[in-house]
Protein chains: 2
Amino acid sequence: MKPTLGPTIELDRLAEKRADKEYMAQLIEAESSRFFVIAGAKPVVDSNEDRTRRSLHWFTGPQITDLGLALSEAIFLGLDAEDETAKFAVATSEHYARGAPQAREALKERVEIRTLAADASMPAGELGLVAQAASLGTWHENHRCCGRCGGSMSFKSGGWKRKCWACGHEAFPRVDPVVIMAVTDGERIVLAHEERFPDKMYSVLAGHVEPGDDIEHAVRRETREEVGLEVGDVRLVGSQPWPFPHSLMLGCFARAEPKDLVVDTTELADAQWFTREDATAMLAGSHPDELWLPGPQSMAHQLIKAFVEGEA
Amino acid sequence: MKPTLGPTIELDRLAEKRADKEYMAQLIEAESSRFFVIAGAKPVVDSNEDRTRRSLHWFTGPQITDLGLALSEAIFLGLDAEDETAKFAVATSEHYARGAPQAREALKERVEIRTLAADASMPAGELGLVAQAASLGTWHENHRCCGRCGGSMSFKSGGWKRKCWACGHEAFPRVDPVVIMAVTDGERIVLAHEERFPDKMYSVLAGHVEPGDDIEHAVRRETREEVGLEVGDVRLVGSQPWPFPHSLMLGCFARAEPKDLVVDTTELADAQWFTREDATAMLAGSHPDELWLPGPQSMAHQLIKAFVEGEA
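So, here's what we can say about the structure.

What counts, and at which threshold
Per chain, the residues get numbers from 1 upward, laid out in the order the sequence is written. Just so you know, chain letters begin at A and ligand numbers begin at 1, following the order they were written in. In keeping with the model being predicted, local features are shown solely for residues with a pLDDT of at least 70 and side-chain atom pairs are shown and tallied solely at 80 or more, while totals for entire chains, interfaces and linings include all residues. Processing note: side-chain calculations cover all non-hydrogen atoms of the structure and skip hydrogens and water entirely. A least-squares fit on C-alpha atoms brings the copies together, and the residues used are those whose pLDDT is at least 70 in both copies. Secondary structure elements are taken from DSSP: a helix is a run of H or I of four residues or more, a strand is a run of E of two residues or more, and numbering for both begins at the N terminus. Residue contacts are counted whenever heavy atoms from the two residues lie within 4.5 Å of one another. Counted as salt bridges are all cases of a side-chain nitrogen of Lys or Arg within 4 Å of a carboxyl oxygen of Asp or Glu. The buried label goes to any residue with under 20% of its type's maximum accessible area, the exposed label to any with over 50%, and the partly exposed label to all in between, with areas taken from a 1.4 Å probe on protein chains only. Multiplying one less than the number of residues by 1.5 Å gives the expected span of a helix. Computed with a 1.4 Å rolling probe, the buried area is the accessible surface lost when two parts are put together, summed over both parts. Think of a polar contact as two N or O atoms within 3.5 Å of one another; within protein, one of them needs to be a possible hydrogen donor and the other a possible acceptor, and neighboring residues in sequence only count if both atoms come from side chains. Amino acid classes used here: Ala, Val, Leu, Ile, Met, Phe, Trp, Tyr, Cys and Pro are nonpolar; Asp, Glu, Lys and Arg are charged; the rest, including Gly, are polar. Pairing between two strands requires that DSSP report at least two bridges joining them. For helices, the fitted line uses only the C-alpha atoms of the stretch in contact; every axis is such a line through C-alpha atoms, and the angle between N-to-C directions lies from 0 to 180 degrees. Geometric relationships in this document are graded by angle, where less than 35 degrees denotes roughly parallel, more than 145 denotes roughly antiparallel, 65 to 115 denotes roughly perpendicular, and other angles denote oblique. By definition, any crossing whose near helix is turned counterclockwise from its far helix by less than a right angle is left-handed, and any crossing with a clockwise turn is right-handed. Only Phe, Tyr and Trp rings take part, Trp by its six-membered ring, and two of them pair if their centres are within 6.5 Å. Stacked means planes under 30 degrees apart, edge-to-face means over 60, and tilted covers everything else. Criterion for a charge above a ring: Arg CZ or Lys NZ at most 6 Å from the ring centre, at most 35 degrees from the ring normal.

For the rest of this paragraph, the subject is the relation of the copies chain B and chain A. For the pair chain B and chain A, the relating rotation is 180°, the translation along its axis is 0.0 Å, and the fit reaches an RMSD of 0.0 Å. Put plainly, the chains are arranged around a two-fold axis. Residue B:Gly150, judged by its C-alpha, is the member of chain B lying nearest the rotation axis, at 2.2 Å.

Right under this line is the structure:
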């Protein structure tokens, strides 16, 4: 089960070299090194004329400096396996990209990750890098100060660590495991609409893995909480990095009794059992009530497709 | 695959009620509510004479106040399904438990989670609660101040959220996904010794899922980094909450070519291919070189056992 937004394998992340300060500095200064810029959740891209194909815009180190961005806080993504050049991401804010005189023009063409994932205009490998950089960028933004003492956290290890200058506390990038599950009774699937969703979009149930949960327990707990069903068999069928802001989606099939749903209306605006025919029409965009589903870049889509095809 | 340290299902966590301030206050004040204390990674317990059986020591609300601990920062664990009483954990420091005159005596009998998990002296349901509370306690400790502005973070939602009084930034409990994998060539398994391990203990490879990884990618990346092997098939076979400090272990089987290992000596003191006979002896504690393995409470043990039994 492979959603179209996934990990990239083109780069050697060289995790064991990240803490080597001199090596990192050398790479940042190397003429062949390249940097892309991500502002909020929008990378700077180049597009073809009709915007059906996009690719990351790669800047040189001196260009990054000219943009007023800090090379010292470039996030090390890895070495390109083909030509051994180092690749970095530089995270900045939407505000800066829009307002800073020296950056405005050069950073003008920015596209939302959700758009890039939905329209498949960017090569999967580059999109994977964008997702990774977006997750790290948000994490840095939320860890400027030390959680223990409030002191200033320094950027370390090519952006894969922060450390408090005052108390020495270290923080590492965060990844939030989330269970996302096709709950079925064999013939029907539970799909829900949340207030925050676009109009008429439905999706499968999902929820964060909490301290003390294993995957099965999280699936059972969330399904019970959200729709009042007891789940039997749980099967993990795939996983996916999901950069909103830094999740790991754990896609599962879960079997439940064909009982009426008891919907938790604080979490969900609506949830219903849908037949295979309903789900097929929703996938095809031909549902009589115009209900629709997340796109193929998402684990939700892949799970519902698998159900439609009889796998769940 | 079920390690003996796992989730507890006896309590209804009532996640949808956590944000209800009045309800939480009512539960904390209810006469029937009970609280256990965890100091660092050691819960306060009661033991039988020979310490083969242990259980959590449950305090009343007034007792917690008398100990000088804050009821307002009690972590809500859930309602007991049997008698509908609320259960809470109160996290404090090793330092306080040892030194505070009003607490020293009452908090005297404290046992490390690792000990409780290894000697199986505590019922699994209680041990699950301890693991959950330890994870949350560490998270609170590391999120006293706001990562965005350095302001003070308030305790919210029965301990399942913190919020900055200054800028409003919210933080939620952290769970770190970690892949742990039995890398085999069908006949042999890769086991490694890290500097930080006890003498002569070996275990399977493991590593954090990073932003941009899915499970398979993390297994491939870590195996390549640590022992230089390329992994083919990856299969997730189980998961486990692991409170050191707040991980979700994702147990996998991974198939690799029977090549020589190239060991990353910055991460590992040693790594070798071991035969099924070797692993069997290590599990049984009868290995000629006295090499041994983690106990049955761990995913590592379960994975190696499955390999020995021919499942991997």
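With that settled, the discussion passes to the side chain of B:His140. Locating B:His140 in the fold gives a position in helix α5 (residues 124-141). If near-sequence neighbours (up to four positions away) are discounted, B:His140 is found in contact with B:Ile75, B:Phe155, B:Gly159 and B:Arg162.

Side chains that carry opposite charge are capable of pairing whenever their charged atoms lie near each other. Under the definition given, this model contains 48 salt bridges over all chains. A:Asp119 serves as the salt-bridge partner of A:Arg54, at 3.0 Å between the closest nitrogen and oxygen. Note that A:Arg54 is positioned in strand β5 (residues 54-56) and A:Asp119 in helix α4 (residues 113-119), a separation of 65 residues in sequence. Here B:Glu222 makes a salt bridge to B:Arg221, at a shortest N to O gap of 3.3 Å. Summarising the burial analysis for this pair, B:Glu222 and B:Arg221 share the class buried. Shared partners join several salt bridges into a network, and the residues in it are A:Arg13, A:Arg18, B:Glu210, B:Asp213, B:Arg221, B:Glu222 and B:Glu225.

With 18 residues, α5(B) extends 26 Å from end C-alpha to end C-alpha; this agrees with the ideal 26 Å at 1.5 Å per step. The buried fraction of α5(B) amounts to 15 of the 18 residues, a majority that puts the element mostly inside the structure.

Glancing now at the interface of chain B and chain A. Between chain B and chain A, the residue contacts involve 49 residues of the former and 49 residues of the latter. Taking both partners together, chain B and chain A bury about 4100 Å²; carbon and sulfur atoms supply 55% of that area. Taken together, the connections running from chain B to chain A amount to six salt bridges. Between B:Asp213 and A:Arg13 there is a salt bridge, with the nearest N and O atoms lying 3.1 Å from each other. On the surface where chain B and chain A come into contact, there are 18 residue pairs in polar contact (both at pLDDT 80 or more). Contributions of two or more residues to the side of chain B that touches chain A are made by α5, β11 (176-184), α6 (215-227), β14 (231-242) and β15 (247-256) of chain B. Partitioned by chemical class, the residues of the side of chain B that touches chain A number 20 nonpolar, 13 polar and 16 charged.

What follows concerns the sheet that holds strand β10 (residues 170-171) of chain A. Residues and elements named next belong to chain A. If you walk across this open sheet you meet the three strands as β8-β9-β10, and the pairing is antiparallel. Of all strands in the sheet, those bounded by a partner on one side alone are β8 (153-156) and β10. Where strand β9 (residues 161-164) meets β10, two bridges bridge the pair, whose relative direction is antiparallel. Opposite Lys-163, over in β10, you have Glu-170 as the bridge partner.

This part covers the packing of helix α7 (residues 276-284) of chain A against helix α8 (residues 299-308) of chain A. Residue and element names in this part refer to chain A. At their nearest, the axes of α7 and α8 sit 9 Å apart, and the two run at 135° to each other. Viewed along their axes, α7 and α8 adopt a mutual orientation that is oblique. Pair α7 / α8 crosses with left-handed handedness. Note on element contacts: α8 touches α7 through His-301, Ile-304, Lys-305, Phe-307 and Val-308, opposite Arg-276, Ala-279, Thr-280 and Leu-283. Grouping the amino acids of the contact of α7 with α8 by side-chain chemistry returns five nonpolar, two polar and two charged.

With an omega dihedral of -5°, the bond running from A:Phe244 to A:Pro245 counts as a cis peptide bond. Along the chain, the position of A:Pro245 falls in the loop between β14 (231-242) and β15 (247-256). Not every positive phi belongs to a glycine, and A:Lys200 is a case in point at roughly 65°. Inspection of the secondary structure assignment puts A:Lys200 in the loop between β12 (188-193) and β13 (205-208). A relative accessible area of 32% means that A:Lys200 is categorised as partly exposed. Of note in this structure, B:Leu14 is not a glycine but carries a positive phi near 50°. Within the fold, B:Leu14 resides in the loop between β1 (11-12) and α1 (21-29). Classification of B:Leu14 by relative accessible area gives buried; the value is 10%.

Another point: the packing of aromatic side chains. Under the definition given, this model contains 10 aromatic pairs over all chains. Look at A:Phe76 and A:Phe88: their rings are 5.4 Å apart centre to centre, the planes differ by 55°, and that puts the pair in the tilted class. With A:Phe76 in strand β6 (residues 75-80) and A:Phe88 in strand β7 (residues 86-92), this residue pair connects regions lying 12 residues apart in the sequence. The same class applies to A:Phe76 as to A:Phe88, namely buried. Through successive ring pairs, a cluster of aromatic residues spans A:Phe35, A:Phe76 and A:Phe88. Taking the ring centre of B:Trp58 as reference, the NZ or CZ of B:Lys87 above it sits at 5.4 Å. A cation sits over an aromatic face here: B:Arg114 above B:Phe244, 3.8 Å from the ring centre.

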